[in-house]
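The residues making up each chain are set out below.
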Amino acid sequence: MAQKDQPKSSKGRKTLLVILIFAILASLELAANFPEVATPLERLELAAMDSAVRFRGKQPPNENVVIVAIDDASLGWVSERWPWPRAKLAEIVRWLNNAGARVIAFDIFLFDPAADPQDDAALIEAFRESNSVVTVSQIFSTQYSTTLDRPEGIYLPVIDGYGITEIERDDDAIVRGVTAYKKFGGEFLYNWSFDIVRVFLDVEPPKNPSPASVMFKGKEIPLNQRGELLVSYAGPPQTPWVTLLILLCAAILARAIISIQQPTFSSLLMVIGVSVYILIRQVLFYQTGQQFPIVSPSLMLILGVVIPTLEQAVTQELEKRRVRSLFSRFISPQMVDQLLQTQDIDSLNKRTELTILFSDIRDFTTLSESMSPDDLVALLNPYLETMSKIIHKYGGTVDKYEGDAIVAFFGEPIPLKDHAIRASFAALEMNTALQKLNQDWLSAGILSSALEMGIGINTGEVFVGLLGSEQRINYTVIGDAANLAARLQDQTKELKTPILISKNTFTAINGIVKAEYLTTQILKGKKEPVEIYRLTSV
């Protein structure tokens, strides 16, 4: 069935949803620029950036940089404990001097004099022989005060600079950047990496620090929202605006995609759009080192397509529920579902084997004449509701109500191979449920004696389908097999048993549901005798 053009109201809702998604994501991106604000997208973005680095693969190290690490393996190799005496550190510095190091970045605190003055003297002499030495300082804060620890005064004449080396973990406990600068009193203390590069290249120190960048070597070095230098730079200064521009482009693309009336094709375009963006972003990162956002533009495109599509699906589902509510008054829930799922209603009309169930309350006509209308309703409505629920529980379809009588069948519109077994289980449970209802009616004074029911069940080929007029339609069965079920129900009173089944039904349930042969009779409307069985229990 070809889809019709969407109404203007539907198109307007889709556009509004795309705008709303854009506004939410843009607000989260703007909020992320404040250090004290943590947004749900930040951790996802950090993880996405980590993935980008992994996909980029290993990069060749800078040939100008050599890391001399004193780690647990180093200590284990020499069978010594940390800290090493400064005289031993002096040996390492002299070794680096002999290797031709232009700048030695000494990441060890020299805030206090050594216990042995000879150790300080040895390290100072080694520094004096070096081309350049940069070491570290530290801002130490407590709840009462903040102090700045600088290298011991005896070292200041032989070092070329010092800076902070503070790092902070991101919310996911991973370190991706280092603090670019801090202010102590009226002095700005920069990360020691600036001093290392300054000494190595013989350039001016950094200046003009701001929350977004630091001026160094005539360029603005971008910082993240926490004032950190990233290992791989995020992009040019003021890249919160680049993100918003990319988000806007993703929103426009999402709106264009959802205008397509084919959900499969629009979903494919959405996947292609996200994939192409991530690929282009990865190529730019590989070539330039700039990291543009991954999560928020991808979410904009995905949510901008998925949510309006879901909204349309929900609207259609609400319409289906309205139809289901209307038809459920007349036919079973299973048949309603099939009506909503199929476009060929005529497929419900067929000739097939089913199991038909007729039930009736004995002598109800006589009883109803002596009851008030209120008592009659209080008795009949709960009875019909309870019995219908049991029939539906076992996959049956309630064909019709004829006063206190119920006509039902099993096996359509949902094909069920075990329809005879289901009908038998339903009949047994219906008889048990009547006993419980009798207790309620007797206690309420609606009845003076318990009601009894008769149920007839037969399995055979019948016509099943939609019959009726435009004003009223019913899903019903027609055929001799249905008539036989009615005749068996008529015999329950004479044979003094609540549930009678035919030979066909007995054959279908034999070994699963207990039944026993009762008699063979010629029933009304039948020329041949009919074997009758009594259903006993499971």
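Each remark here, short or long, concerns the structure printed above.
Parameters and conventions
Starting from 1, residues in each chain are numbered consecutively following that chain's sequence as written. This being a predicted model, a pLDDT of at least 70 is required before a residue's local features are given, and a value of 80 or more before pairs of side-chain atoms are given or counted; all residues contribute to the totals for chains, interfaces and linings. Note: side-chain values were computed over all heavy atoms of the structure, leaving out hydrogens and water. Each axis is a line fitted through C-alpha atoms, taken for helices only over the stretch in contact, and angles between the N-to-C directions span 0 to 180 degrees. Per the convention used, a helix needs a DSSP run of H or I reaching at least four residues, while a strand needs a run of E reaching at least two, with both numbered from the N terminus. Should an angle lie under 35 degrees it is considered roughly parallel, over 145 roughly antiparallel, and from 65 to 115 roughly perpendicular; all remaining angles are considered oblique. It is the rotation of the near helix from the far one that decides the hand of a crossing: anticlockwise by less than a right angle makes it left-handed, clockwise makes it right-handed. Contacts: residue pairs with any heavy atoms within 4.5 Å of one another. The classification used treats Ala, Val, Leu, Ile, Met, Phe, Trp, Tyr, Cys and Pro as nonpolar, Asp, Glu, Lys and Arg as charged, and all other residues, Gly among them, as polar. For the exposure calls, accessible area comes from a 1.4 Å probe over protein chains only, and a residue counts as buried if that area is under 20% of its type's maximum, exposed if over 50%, partly exposed in between. Classification of ring pairs rests on two measures: the distance between centres of Phe, Tyr or Trp rings, Trp counted by its six-membered ring, which must be within 6.5 Å, and the angle between planes, read as stacked under 30 degrees, edge-to-face over 60 and tilted in between. What goes into a patch is any residue over 30% in relative accessible area without a salt bridge, connected to like charges within 9 Å or, for nonpolar side chains (Val, Leu, Ile, Met, Phe, Trp, Tyr), within 5 Å. The accessible surface values rely on the Shrake-Rupley method and a 1.4 Å probe; as for residues, cover is taken only from the protein chains in view. What counts as a salt bridge is simple: a side-chain nitrogen of Lys or Arg found within 4 Å of a carboxyl oxygen of Asp or Glu.

### Quick word on the packing of helix 12 (residues 373-393) against helix 13 (residues 419-444)
In contact at an axis separation of 10 Å, helix 12 and helix 13 are set at 155 degrees when each is read in the N-to-C sense. As summarised for this structure, helix 12 and helix 13 are arranged roughly antiparallel, according to the angle between their axes. Crossing geometry of helix 12 relative to helix 13 is assigned as right-handed. Contacts between helix 12 and helix 13 involve A378, L379, P382, Y383, T386, M387, I390, I391 and K393 from the former and A426, E429, M430, A433, L434, L437 and W441 from the latter. Residues that form the contact of helix 12 with helix 13 fall into these classes: 13 nonpolar, 1 polar and 2 charged.

### Some details on the side chain of Q491
Structurally, the position occupied by Q491 is in helix 14 (residues 480-494). The class of Q491 is buried, set by a relative accessible area of 13%. Once residues lying within four places of it in the same chain are set aside, the contact partners of Q491 are L500, Q521 and L523.

### A closer look at the packing of helix 4 (residues 86-99) against helix 5 (residues 117-129)
Relative orientation of the contacting elements helix 4 and helix 5 amounts to 15 degrees, with a least axis distance of 8 Å. Taken together, the axis directions place helix 4 and helix 5 in an arrangement best described as roughly parallel. Where helix 4 crosses over helix 5, the two elements pack in a sense that is left-handed. Contacts between helix 4 and helix 5 involve R86, A87, L89, A90, V93, R94 and N97 on the former and, on the latter, D119, D120, A122, L123, A126, F127 and E129. The residue makeup of the contact of helix 4 with helix 5, split by class, is 8 nonpolar, 1 polar and 5 charged.

### Focus on the packing of aromatic side chains
Geometrically, a pair of aromatic rings is defined through the distance of the ring centres and the angle of the planes. Inspection of every chain in the model, using the stated rule, returns 12 aromatic pairs. Aromatic side chains F106 and F127 sit 5.2 Å apart centroid to centroid with 80 degrees between the ring planes, which places their arrangement in the edge-to-face category. Of the two residues, F106 is situated in the loop between strand 1 (104-105) and helix 5 and F127 in helix 5; the sequence distance between them amounts to 21 residues. No difference in accessibility class separates F106 from F127, as the two residues are buried. Both rings, one in F506 and one in Y533, keep their centres 4.2 Å apart while their planes meet at 10 degrees; by these two values the pair is stacked. Within this pair, whereas F506 is found in helix 15 (residues 503-509), its partner Y533 is found in strand 18 (residues 530-537), the two being separated by 27 residues in sequence. Y533 matches F506 in its accessibility class, with the two residues each being buried. Three or more aromatic residues joined by ring pairs make a cluster, and in this case those are Y181, F188, Y190, F194 and F216.

### Comments concerning a nonpolar patch on the surface
Judged by side-chain polarity, F265, L268, I272, V276, I280 and L284 come together as a nonpolar surface patch covering roughly 500 Å² of accessible area. Judged by relative accessible area, which is 38%, F265 ranks as partly exposed.

### Description of the pattern of salt bridges
Following the criterion strictly, the structure yields 15 salt bridges and no others. Here R86 makes a salt bridge to D120, at a shortest N to O gap of 2.6 Å. Note that R86 is positioned in helix 4 and D120 in helix 5, a separation of 34 residues in sequence. With relative accessibility at 5%, the residue D120 sits in the buried group. Ionic pairing is found between E429 and K393, a salt bridge with its closest N-O pair at 3.1 Å. A residue pair is termed long-range when its members are at least 10 positions apart, and E429 in helix 13 and K393 in helix 12 qualify at 36 residues.

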